[in-house]
Amino acid sequence: MTLNERQRAVAALEKEFGSDWLTVAQELGTENLRQRVGKELTSFLAFPERGEGGKNTWRGNCSPKVVESIVKYVLDTKRYYGKDTSDFTLLDPMSGSGTSGIVAENLGIRSCLYDLNPNPAKGRGSWNALKDEVDESADVIFWHPPYWSMIAYSGNMWGKPHPDDLSRCPTYRDFIEKMNFVMKKLYMALRRDGRLAVLVGDMRLRGQFYSMQSDMMKIGNYESFIVKAQFNCNSDTKRYAKPFIPVVCEYLLLFHKEEIFMVPFSKTLSSRFDAQKKDDASLTWHHLIRMTFESLGGRASLELLYERLAEHPKSKKNPHYKERIRATLYEHQDQYIAEGDGEYRLRYQVA
């Protein structure tokens, strides 16, 4: 579409639908992704119009249409396979403004809502996900945890700061570990053939990128990974000079409990090793020397390289490490530029 065609389309939509023109365009633009092969739930969710239920002023809330889509899918699946749905139960352990409760009422199903907030909009208050039992069992558990410290809830959205509020975890690692613990508790509370739906997002905080969906535990039968578009975010109106990739979607992970006692799970364990002090099969002499050059600003003499690498495990294992360093420089002359008198520089500038 050319710029002129786009301007004409916007003008036509605006004339016909007024201030709602953008929502109409977004609905039309995502329809082919949201509905495929006769199914209303696909691996892409987009709800430009939030829908009724809960409070859109409650920070971090999600559209009731998201909860409704998942609940309908689980209900339809059970009915297709002839399972009893007379006591079908939806549980939301961090119910916030009560969105899940409204969805359950509209669908005519039973719901159990918990929240750490002593005075929640609906359901049981003062429920501590880290310490309290999940008293109820459920056919579907919808969990929308805080995105670490992006929005502080206790002491901000309600009451006083609470030590077990996941949004107040001191570190991201602590947050993920506690989140994984809660994941296991919620999975245990599922009935056989139940589903745990977890809505999470990626974050960029103080220049650092964090991916909850990548780092969190996967438990049970990993049934689906759904991308959910975000609309009308607080950051949409801001402009940034620094280059970065904006986060414009969330992820809904769906886990199926197929067995009663066996609990399959996997964790993404992240760690670090210091290439200055440890060796690894992936660390070649070339890589080690190049990184050493970078640490020295891109220039170094042979003597300085000998000195910096003398205590490295590679050097300890090789009595001829100085010869190895010289040979590496020679083998990669396009990377290490000789400047005479034993001085070298990298071919590129160090950032």
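Up top you'll find the structure we're talking about.
Here the structure is a predicted model, which is why all the values come from computation and not from measurement.

Quick notes on the rules
- One numbering rule holds for all chains: residues counted from 1, following each sequence as written.
- Totals for whole chains, interfaces and linings use all residues, but because this is a predicted model, local features are given only for residues with pLDDT of at least 70 and pairs of side-chain atoms are given and counted only at 80 or more.
- Hydrogens and water molecules were not included; the side-chain quantities draw on all heavy atoms of the structure.
- Angular values range over 0 to 180 degrees, each being the angle between N-to-C directions of two axes fitted as lines to C-alpha atoms, with helices fitted over their stretch in contact.
- What counts as a helix is a DSSP run of H or I of at least four residues, what counts as a strand is a run of E of at least two, and both are numbered from the N terminus.
- Small angles under 35 degrees read as roughly parallel and large ones over 145 as roughly antiparallel, with 65 to 115 read as roughly perpendicular and the rest as oblique.
- Should the near helix be turned anticlockwise from the far one by less than a right angle, the crossing is left-handed, and should it be turned clockwise, the crossing is right-handed.
- Working rule for contacts: check all heavy atoms of both residues, and any pair within 4.5 Å makes them a contact.
- Salt-bridge detection follows one rule: a side-chain nitrogen of Lys or Arg within 4 Å of a carboxyl oxygen of Asp or Glu.
- With a 1.4 Å probe rolled over the protein chains alone, any residue whose accessible area is under 20% of its type maximum counts as buried; one over 50% counts as exposed, and the rest are partly exposed.
- When the strands point away from the viewer, a crossover counts as right-handed if the path from the first strand over the helix to the second runs clockwise.
- Here, strands pair whenever DSSP counts at least two bridges between them.

Chemist: In this structure, what is going on with the packing of helix α8 (residues 302-309) against helix α10 (residues 321-331)? I would like to understand it.
Modeler: When two helices pack together, their arrangement is captured by the angle between the axes and the distance separating the axes. Running from N to C, α8 and α10 point in directions that differ by 125 degrees, and their axes come no closer than 10 Å. Classified by the interaxial angle, the pair formed by α8 and α10 is oblique. Every pair of crossing elements has a handedness; the one defined by α8 and α10 is right-handed. Residues L302, L305, Y306 and L309 of α8 pack against Y321, K322, I325, R326 and L329 of α10.

Chemist: I'm lost on the pattern of salt bridges in this one. Help?
Modeler: A side chain with one charge can pair with a side chain of the opposite charge if their charged atoms come near. Applying the stated criterion to the full structure yields 21 salt bridges. With a closest N to O distance of 2.9 Å, E68 and K72 form a salt bridge. With E68 and K72 both in helix α3 (residues 64-80) and four residues apart, the pair spans about one turn of that helix. Owing to a relative accessible area of 29%, E68 belongs among the partly exposed residues under this scheme. For D139, the salt bridge is made with R191, and the minimal N-O distance between the two is 2.8 Å. With D139 in strand β4 (residues 138-143) and R191 in strand β5 (residues 190-205), the pair connects residues that are 52 residues apart, well separated along the chain.

Chemist: Is there a simple way to explain unusual backbone geometry in this structure?
Modeler: It is generally the case that most residues other than glycine have a negative phi and that most peptide bonds are trans. Phi at W148 is positive, roughly 50 degrees, even though this residue is not glycine. Given a relative accessible area of 6%, W148 falls into the buried group.

Chemist: How do you make sense of the pairing of strand β2 (residues 89-92) when you look at a structure like this?
Modeler: Where a strand is regular, its side chains alternate between the two sheet faces. Residues T89 and L91 of β2 are buried on one face, and the alternating residues L90 and D92, pointing to the opposite face, are buried as well. In this fold, β2 hands off to helix α4 (residues 99-107), which returns the chain to strand β3 (residues 110-113); that crossover is right-handed. Where β2 meets β4, two bridges bridge the pair, whose relative direction is parallel. Bridging from a neighbouring strand, L91 pairs with I141 of β4.

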